[in-house]
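Architecture and fold: a report
The chain contents come next:
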Amino acid sequence: MKIKYLLTVIAIVAITKDSFAQYSQDAIRFSTFQTGSTSRIKGIGNAGTAVGGDLSSISGNPAGLGFFTHSEISITPEYDGSKVNSTYLGQFGTASKNNINFNNAGVVIYQQLSTAKGRDKSKGWLSINYGAAYARTNNFYENINYGGKNASNSIGDYYAKLANGDGGTIPDGSLESWAYQHNLIDSYSTTGGGSEYRRNAFGTVDQQSNAIRTGGQSEVNLAFGANYSNKLYIGVGVSLSDLRYNSYSVFNETGTASILVNNNDANVGFNSGYIQNQVTKGSGGNIKLGVIYKPVNAVRLGFTFTSPTFYSIDDLYQESLGTKFNNGSNYANGPQDYQLSYNLRTPLKLTGGAAIFIGKYGFISGDIDYIDYKTTHLSTNDSYDATFDNNNIKALYRSTINAHVGAEARVTNMFYLRGGYSLQGSPLKENGSDIKTVTGGIGVRFGSYYVDATYAHISGNQTVYPYEIGAASPSAALQKTNNNAFLTLGYTF
């Protein structure tokens, strides 16, 4: 069975006015966000669960706030460079998109706890530190283009499939009714004396898909962490999440169709464009519980529990169809609006990590995340039955492991070198690939100020289907890469 994981929007759709899209794909899209972090932690592959003492602890493991012995503030802008190479029906294509975002900002306030006179000041509860941060956790900016000559089928086959599934009566205002009005499909007699809808296009058609995506996910985090005897560190955090996803796509097909002109059969050239536009906004929240334990001074063991994020989402989807024939006939329908509000619960995440410190020379760190995407859940309401999408989530998606490893070397009292690697497991059972990230960075400390810079190269593959007609569905192989840069400017006080 082919897995429909379409990058053009949620799916190329329109079964009825009330059930036009598969929200399961968006549910997974909004569940694959990353932990927000500073350039330093990004430089070590985001393996910061057990490190502590970094402003990333506010949005990562809040127990790490317990390591601070001073107050601190930082900001992190980012540059994102996206490139998508495609292969469709033997033809190569490419598209790129560059943008600048505000990735991270945080502040921690150090509060030393008083101890009784004469008491060992290295024992008991030593400090409670408070933090607040903004973190960008997902980036949807990218352009995707692919196209080629298709001698096997047409998007008209998809329209005909929808029409044949209507039980003999095409609903007014549906995509298949537009295709019928545009002479892209027609009713043909079958050998049994019945009829069925088929495409009017014949021979080879030229197909081109273009998609523009923008938006992202972010969190505002409030957290505190406590230090017990410089041995045990605990923390709690609350995150208020926000998402915005915009996708505009056009699937264009050019060819020749057999249509009636003045009640006579004629072969006429045509050009048809199917447009989809999606605007999705949402907000939600989750909590984080964390702990870091030092069995010995050189070793730190960390664990973080991140609860599911509960989102309230508003979705606006629009579709249009326009067709022009060389004989001067023009048709246009849409945009047709479909609005829906629904609730989404993302999977919980369990993270374990360890860091080994090599005296004053640096450290090595590693993290493992466990996420079960099958537990992603959409809630049914008065205008939306989520049963179909929830069943799709269970059937098409799986649990995954994300792995992060990195190291920091202290070259001098002022200069640091960092490197890291991470592997994000694909949530798809089929036709998905893991996302690999290689990072490198530097850090400079001078007095109360510091500057950290990190470069990240992110790569992954995907197979997408512009329309679904069974085993003959055409597919595009996408190679996606991102070359991103992050710069953190910080001050301790």
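Please read these numbers as outputs of a predicted model, since none were measured by experiment. (Residues numbered from 1 in each chain as written. Predicted model: local features only at pLDDT ≥ 70, side-chain atom pairs only at ≥ 80, totals over all residues. Heavy atoms only, no water.)

This part covers the pattern of salt bridges. One pass over the structure, following the stated rule, counts 14 salt bridges. The salt bridge partner of Glu219 is Lys288, with a shortest N-O separation of 3.5 Å. With a gap of 69 residues between them, Glu219 in strand β7 (residues 201-228) and Lys288 in strand β9 (residues 264-296) connect regions that are remote in the sequence. This pair shows no difference in class: Glu219 is buried, exactly as Lys288 is. For the salt bridge of Asp372 with Lys374, the shortest nitrogen-to-oxygen distance reads 3.1 Å. Overall, the relative accessible area of 29% leaves Lys374 in the partly exposed class. Here the residues in one salt-bridge network are Arg40, Asp54, Glu408, Arg418, Arg445 and Asp452, joined through shared partners. (Salt bridge = Lys/Arg side-chain N within 4 Å of Asp/Glu carboxyl O. Helix = DSSP H or I, 4+ residues; strand = E, 2+ residues; numbered from the N terminus. Buried < 20%, exposed > 50% of the residue type's maximum accessible area, 1.4 Å probe, protein only.)

Relative to the assigned elements, Gly93 resides in strand β2 (residues 91-109). The spatial distance from the C-alpha of Gly93 to the C-alpha of Gly147 is 7.3 Å, given a sequence separation of 54 residues. Not counting residues up to four positions away in its chain, the partners in contact with Gly93 are Val84, Asn85, Ser86 and Asn145. (Contact = heavy atoms within 4.5 Å.)

Moving on, we come to helix α3 (residues 155-164). Counting buried residues in α3 gives seven out of 10 residues, a clear majority hidden from the surface. Buried within α3 we find Ile155, Gly156, Tyr158, Tyr159, Ala160, Leu162 and Ala163. In this structure Ser154 caps α3, since a side-chain oxygen of it lies 2.8 Å from the backbone nitrogen of Gly156. (Polar contact = N/O pair within 3.5 Å; in protein donor to acceptor, adjacent residues only side chain to side chain.)

With that settled, consider the nonpolar core. Membership of the largest hydrophobic core comes to 34 residues, with the highest contact counts inside it found for Tyr159, Leu175 and Leu321. Setting aside its immediate chain neighbours within four residues, Leu321 contacts Tyr159, Leu175, Trp178, Ala179, His182, Leu184, Ser272, Gly273, Tyr274, Tyr331, Ala332 and Asn333. Residues Ala27, Tyr342, Tyr384 and Ala386 belong to the second largest nonpolar core, which totals 21 residues. (Core = buried A, V, L, I, M, F, W, Y, C linked by side-chain atoms within 4.5 Å.)

A few words now on unusual backbone geometry. The omega angle of the peptide bond from Gly334 to Pro335 is 5°, so this bond is cis rather than trans. Locating Pro335 in the fold gives a position in strand β12 (residues 330-345). The backbone phi angle of Asn183 is positive, close to 65°, even though this residue is not glycine. Looking at the element boundaries, Asn183 is found in the loop between α4 (175-181) and β5 (185-189).

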